[in-house]
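Topology and contacts: notes
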Amino acid sequence: MAETISGKPYKQVDDIRTFSEDVESSELVWHRDKYNREITILEGEDWMLQLDNRPAKKLEQGKIYKIPAMEFHRVIKGKGNLVIKIWEDK
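The text that follows walks through the structure, step by step, so that each part is easy to find.

About the thresholds
- Residues numbered from 1 in each chain as written.
- Predicted model: local features only at pLDDT ≥ 70, side-chain atom pairs only at ≥ 80, totals over all residues.
- Heavy atoms only, no water.
- Buried < 20%, exposed > 50% of the residue type's maximum accessible area, 1.4 Å probe, protein only.
- Helix = DSSP H or I, 4+ residues; strand = E, 2+ residues; numbered from the N terminus.
- Pairing = 2+ DSSP bridges.
- Phe/Tyr/Trp six-rings, centres within 6.5 Å; stacked < 30°, edge-to-face > 60°.
- Lys NZ or Arg CZ within 6 Å of the ring centre and 35° of its normal.

Only one face of strand E8 (residues 73-76) is covered, namely the face carrying His73 and Val75; the face carrying Arg74 and Ile76 is uncovered. Across four bridges, the pairing between strand E5 (residues 48-51) and E8 is antiparallel. Each bridged residue has a counterpart across the sheet, and for leucine 49 the counterpart in E8 is valine 75.

Here it is as structure tokens:
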């Protein structure tokens, strides 16, 4: 069952998160997460990830990206839907 997280620009089912190609770029804001995360890209073209004080990097399917806890970051919109799998250290 898909659920939209209140106030979030994505839908998430278990550990799979989907950003729609229709999401407004203005909704993809700088934020930080409570836990360390690793994500892998399942779908998406030309989407980017930018960590605080670093240049944005193009997200590649199958590659794992690490996002440290409490570090500001954002996703930059590309083409099509962006589908990611998330692992969190809780």
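With that settled, the discussion passes to the packing of aromatic side chains. Within the structure shown, the criterion is met by two aromatic pairs. Relative to tryptophan 47, the ring of phenylalanine 19 lies with its centre 6.2 Å away and its plane at 45°, an arrangement referred to as tilted. Here phenylalanine 19 is found in strand E3 (residues 16-19), whereas its partner tryptophan 47 is found in the loop between strand E4 (37-45) and E5, with 28 residues between them in sequence. On the basis of relative accessible area, phenylalanine 19 is assigned to the buried category, the value being 6%. You can call tryptophan 47 buried: its relative accessible area is 1%. Taken together through their ring pairs, the aromatic side chains of Tyr10, Phe19 and Trp47 make up a single cluster. The ring of tyrosine 10 carries the charged tip of arginine 17 above its face, separated from the ring centre by 3.8 Å.

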